[in-house]
Amino acid sequence: MSRFDTPVVVTRGDAEGPLVVLLHGRGSRETEIIGLADALPRGLSYAAVRAPIAEHGGFAWFANRGIGRPVAESLRATMDWFRLWLDGIAPPGRPVILVGFSGGAAFAGGLLLDEPARFAGAAILYGTLPFEAGVPTDAARLAGVPVFVAQGDHDQVIPRELLDRTWRYLTVESGAAAIARRDQVGHGIARDALAALAGWLIERAALPARQGGPAPAPAHGEALPGDLPDRAGPHPDASTTITHQ
């Protein structure tokens with residue numbers, strides 16, 4: 001499995017349910033982030049994966065050229081390694097949702113941006129997307145993809161510039177179906193954010209896998225299911241970032 005060892009994984013929950021992959025932060029490990037599963041919905045399958053790069057008594061997903069700024073070659077190598085593992089346990093048809101914290105959020109973001117149709121959603125918790133690290137961040141790259149974003153107003157770990165850029169991209173530029181929140185915390189998961197994440201996961205698990213990307217919208221004048229009549233007049237404006245629209 002490339003130049004890295006076989007992933008170390010701890011699991012909880014229903015082995016047959018939609019798979020939620022928990023990705024820990026830099027310097028942490030899988031046995032710490034698996035504890036999130038205790039506060040998240042039952043009926044899902046949880047897998048916490050250990051990052052492949054040993055660092056300062058813990059593990060990291062990629063080499064850094066600065067906080068929140070992955071080295072492109074390192075990120076590519078670990079994403080390819082991760083995908084080999086993932087495709088072995090979650091073949092097409094099984095929904096996969098990524099939940100990443102801090103450095104794990106950047107890794108989750110890289111995976112999602114690299115292949116949006118592979119995932120049923122991603123939660124980017126208290127971290128930045130891997131900008132300028134070899135993955136696409138063009139406009140509408142994540143059109144229709146469910147994304148949950150949580151940030152701390154008092155985060156002193158991730159540079160504010162990167163947090164703000166991540167917020168703007170995911171809630172406006174990417175076209176994602178984003179649920180986003182900021183809480184009065186530092187670099188840690190707020191209790192209310194964890195409760196909101198649990199609700200978001202329940203909604204995601206009820207949706208079919210997005211293999212092959214979202215279904216195309218009917219063309220203007222095309223009949224909708226149930227033979228609804230054509231709508232008179234121009235189409236209304238609608239946001240891609242407000243889920244209920």
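Definitions and limits used
Residues numbered from 1 in each chain as written. Predicted model: local features only at pLDDT ≥ 70, side-chain atom pairs only at ≥ 80, totals over all residues. Heavy atoms only, no water. Phe/Tyr/Trp six-rings, centres within 6.5 Å; stacked < 30°, edge-to-face > 60°. Helix = DSSP H or I, 4+ residues; strand = E, 2+ residues; numbered from the N terminus. Buried < 20%, exposed > 50% of the residue type's maximum accessible area, 1.4 Å probe, protein only. Lys NZ or Arg CZ within 6 Å of the ring centre and 35° of its normal. Expected span 1.5 Å × (residues − 1). Contact = heavy atoms within 4.5 Å. Axes fitted to C-alpha atoms, helices over the stretch in contact; angles between N-to-C directions. Parallel < 35°, antiparallel > 145°, perpendicular 65-115°, else oblique. Nonpolar A, V, L, I, M, F, W, Y, C, P; charged D, E, K, R; others polar. Pairing = 2+ DSSP bridges.

Let's talk about the packing of aromatic side chains
Aromatic ring pairs are reported here in terms of the distance separating the ring centres and the angle at which the planes meet.
Then comes step 1: For the coordinates displayed, the defined rule picks out 7 aromatic pairs.
Then comes step 2: Between the aromatic rings of Phe4 and Trp81, the centroid separation amounts to 5.9 Å while the plane-to-plane angle is 70°, which identifies the pairing as edge-to-face. Highlighted residues: Phe4 in the segment before β1 (9-13) and Trp81 in helix α2 (residues 72-89), separated in sequence by 77 residues. For the pair formed by Phe4 and Trp81, the shared burial category is buried.
Then comes step 3: Ring geometry for Phe131 and Tyr169: centres 6.3 Å apart, planes at 85°, overall edge-to-face. Residue Phe131 is located in the loop between β7 (121-125) and β8 (146-152), and its partner Tyr169 is located in helix α4 (residues 160-173); the two are separated by 38 residues in the primary sequence. There is no split in this pair, since Phe131 and Tyr169 are both buried.
Then comes step 4: A network of ring pairs unites the aromatic residues Trp61, Phe82, Trp85 and Phe107 as a single cluster.
Then comes step 5: The lysine or arginine in question, Arg165, covers the ring of Phe131, its NZ or CZ lying 4.1 Å from the ring centre.

Considering α2
Then comes step 1: If you check α2, its first and last C-alpha atoms are 26 Å apart, about what 18 residues at 1.5 Å a residue would give, namely 26 Å.
Then comes step 2: By the burial criterion, the buried members of α2 are Ser74, Leu75, Thr78, Met79, Trp81, Phe82, Arg83, Trp85 and Leu86.
Then comes step 3: On its buried side, α2 packs onto β1, β2 (19-23), β3 (45-49), β4 (53-55), β6 (96-101) and α3 (103-114).

With respect to the packing of α2 against α3
Then comes step 1: Look at α2 against α3: their axes get within 11 Å of each other, and the N-to-C directions meet at 75°. Taken together, the axes of α2 and α3 lie roughly perpendicular to each other. Each of Leu75, Arg76, Thr78, Met79, Phe82 and Arg83 in α2 lies in contact with α3, whose residues at this interface are Phe107, Gly110, Leu111 and Asp114.
Then comes step 2: Residues belonging to the contact of α2 with α3 are distributed by class as follows: 5 nonpolar, 2 polar and 3 charged.

Describing helix α5 (residues 191-205)
Residues spaced three or four apart along an α-helix point in a common direction, a consequence of the helix completing one turn every 3.6 residues.
Then comes step 1: The end-to-end C-alpha distance of α5, which contains 15 residues, comes to 21 Å, matching closely the 21 Å that a straight helix rising 1.5 Å per residue would cover.
Then comes step 2: All buried positions along α5 are accounted for by Ala193, Leu194, Leu197, Ala198, Trp200, Leu201 and Arg204.
Then comes step 3: Its buried side turned inward, α5 meets β2, β3, β6, β7, β8 and β9 (177-183).

Describing the pairing of β3
Then comes step 1: In terms of residue burial, β3 counts as a mostly covered element, since 5 of its 5 residues are buried.
Then comes step 2: What you see with β3 is no split at all: Ser45, Ala47 and Val49 on one side and Tyr46 and Ala48 on the other are buried throughout.
Then comes step 3: Note that β2 and β3 share 5 bridges and pair parallel. Across the sheet, Val20 pairs through a bridge with Tyr46, a residue of β3.

A short note on the sheet that holds β7
Then comes step 1: In spatial order, the strands read β1-β3-β2-β6-β7-β8-β9; together these 7 strands make up an open sheet with mixed pairing. Because the sheet does not close on itself, it has two edges, and the strands there are β1 and β9. Here the average twist between neighbouring strands, direction ignored, is 15°.
Then comes step 2: By the bridge criterion, 4 bridges tie β7 to β8 in an arrangement that is parallel. Residue pairing in the sheet places Ile124 in a bridge with Val149 of β8.
Then comes step 3: Along the sheet, α2 makes contact with β1, β2, β3 and β6, crossing β2 at roughly 155°.

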